[in-house]
Amino acid sequence: MRPWFHHPSVKSLLLGLCAAALTLTLHLLSIWENMLNRGAETWDEQPAPRDYIESVIAAHSDGSDPAFARRPWTTWSIDLLTRFGLAPRSAFITIGLLGFFIAGLLVFRIALQLGADERIALWSQALFHVSPTVLMAWFDPLYTYDEPIQYALLLAAILLLLQQRWLLFVPVLFTALMARETSLLLLPALILLAPRRRLALLATLVATAVFAAW
């Protein structure tokens, strides 16, 4: 029996933790500014009354923008963590890194589900984490907010699709659409990936209908 740290799942977890640490370190370096280290100033370097991240959270949660109001998961998650005493800035960073961390684990699982070996699955996960929209997620002009949860939910939906677990696929896809409505753009790809396309089409239509009603 090989040691526990040689188990594929453990390697995937360690890779995800290292990637999250790299992303956080990259953003907190003082040699440049981004959402995570900007402090109390606006995107164009004007003084602001509070931390930039707090301003972003307020803009997404005050209901003034209908687009933001339709994407509640990140804001709700931040609100939940702040109820447990976490500062808004820390809650924002936690949700973002956790979303990307889970998404990376799901990339690994999807690769295995598609028949890739352990090495290829780990490379797939690593390439996900070093892609520009993940590695530099909070640099200008990306301004990442809802995407970490959206990525994780979409990848979870893809894994469930490949496993043909339709009763779970529908609510997970619906929550991905709630996280960010641009998830609709990937629906044709989901049908093409599905091992049983007719069932996938039906399940996707059900999730989309529920989202439209919501």
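Being a predicted model, the structure only gives us computed values, none of them experimental. (Residues numbered from 1 in each chain as written. Predicted model: local features only at pLDDT ≥ 70, side-chain atom pairs only at ≥ 80, totals over all residues. Heavy atoms only, no water.)

### Topic: the overall build of the protein chain
For step 1, the next point in the chain: Scanning the protein chain from N- to C-terminus turns up 11 helices and 0 strands.
For step 2, the next point in the chain: Counting from the amino terminus, helix and strand elements in the protein chain follow one another as α-α-α-α-α-α-α-α-α-α-α.
For step 3, the next point in the chain: Radius of gyration (C-alpha) of the protein chain: 18 Å, near the 17 Å computed for a compact globule of 214 residues.
For step 4, the next point in the chain: Put simply, the protein chain has 214 residues, and 44% of those count as buried.
For step 5, the next point in the chain: Within the protein chain, contacts between residues separated by at least 24 positions form 63% of all contacts whose residues are at least 6 apart in sequence.
For step 6, the next point in the chain: Summed over its atoms, the accessible surface of the protein chain is roughly 11500 Å², and 69% of this surface lies on carbon and sulfur atoms.
For step 7, the next point in the chain: Between the centroid of the 15 positive side chains of the protein chain and the centroid of its 15 negative side chains there is a distance of 17 Å. (Helix = DSSP H or I, 4+ residues; strand = E, 2+ residues; numbered from the N terminus. Rg over C-alpha atoms; globule rule 2.2 N^0.38 Å. Buried < 20%, exposed > 50% of the residue type's maximum accessible area, 1.4 Å probe, protein only. Contact = heavy atoms within 4.5 Å. Areas by Shrake-Rupley, 256 points an atom, 1.4 Å probe, with all protein chains shown as cover. Lys, Arg positive; Asp, Glu negative; His and termini not counted. Charge placed at Lys NZ, Arg CZ, Asp CG, Glu CD.)

### Observations concerning the packing of aromatic side chains
For step 1, the next point in the chain: Within the structure shown, the criterion is met by 9 aromatic pairs.
For step 2, the next point in the chain: Ring plane angle 25° and centroid distance 6.2 Å describe the contact between F211 and W214, whose orientation is recorded as stacked.
For step 3, the next point in the chain: By relative accessible area, W214 is classed as partly exposed at 45%.
For step 4, the next point in the chain: Joined through ring pairs, the aromatic side chains of F92, F100, F128, W138, Y145 and Y151 make up one cluster.
For step 5, the next point in the chain: Taking NZ or CZ as reference, R38 lies 5.0 Å from the ring centre of Y52, over its face. (Phe/Tyr/Trp six-rings, centres within 6.5 Å; stacked < 30°, edge-to-face > 60°. Lys NZ or Arg CZ within 6 Å of the ring centre and 35° of its normal.)

### Considerations on the nonpolar core
For step 1, the next point in the chain: The biggest cluster of nonpolar side chains holds 51 residues, and the ones touching the most others in it are F92, W138, F169 and L173.
For step 2, the next point in the chain: Listing elements by their share of this core, those giving two or more residues are α2 (52–61), α5 (88–113), α8 (147–162), α9 (166–179), α10 (187–193) and α11 (197–213).
For step 3, the next point in the chain: No other element matches the 11 residues that α8 contributes to this core.
For step 4, the next point in the chain: The residues touching W138, leaving out its near neighbours within four places in the chain, are T23, H27, N34, M35, L36, F92, G96, L97, F100, T144 and P148. (Core = buried A, V, L, I, M, F, W, Y, C linked by side-chain atoms within 4.5 Å.)

### Concerning unusual backbone geometry
For step 1, the next point in the chain: Cis peptide bonds are those with omega within 30 degrees of zero, and the linkage from D140 to P141 qualifies with 0°.
For step 2, the next point in the chain: With respect to the element layout, P141 can be found in the loop between α7 (132–135) and α8.
For step 3, the next point in the chain: In this structure, Q164 is a non-glycine residue whose phi angle is positive, near 60°.
For step 4, the next point in the chain: Checked against the element boundaries, Q164 lands in the loop between α8 and α9.

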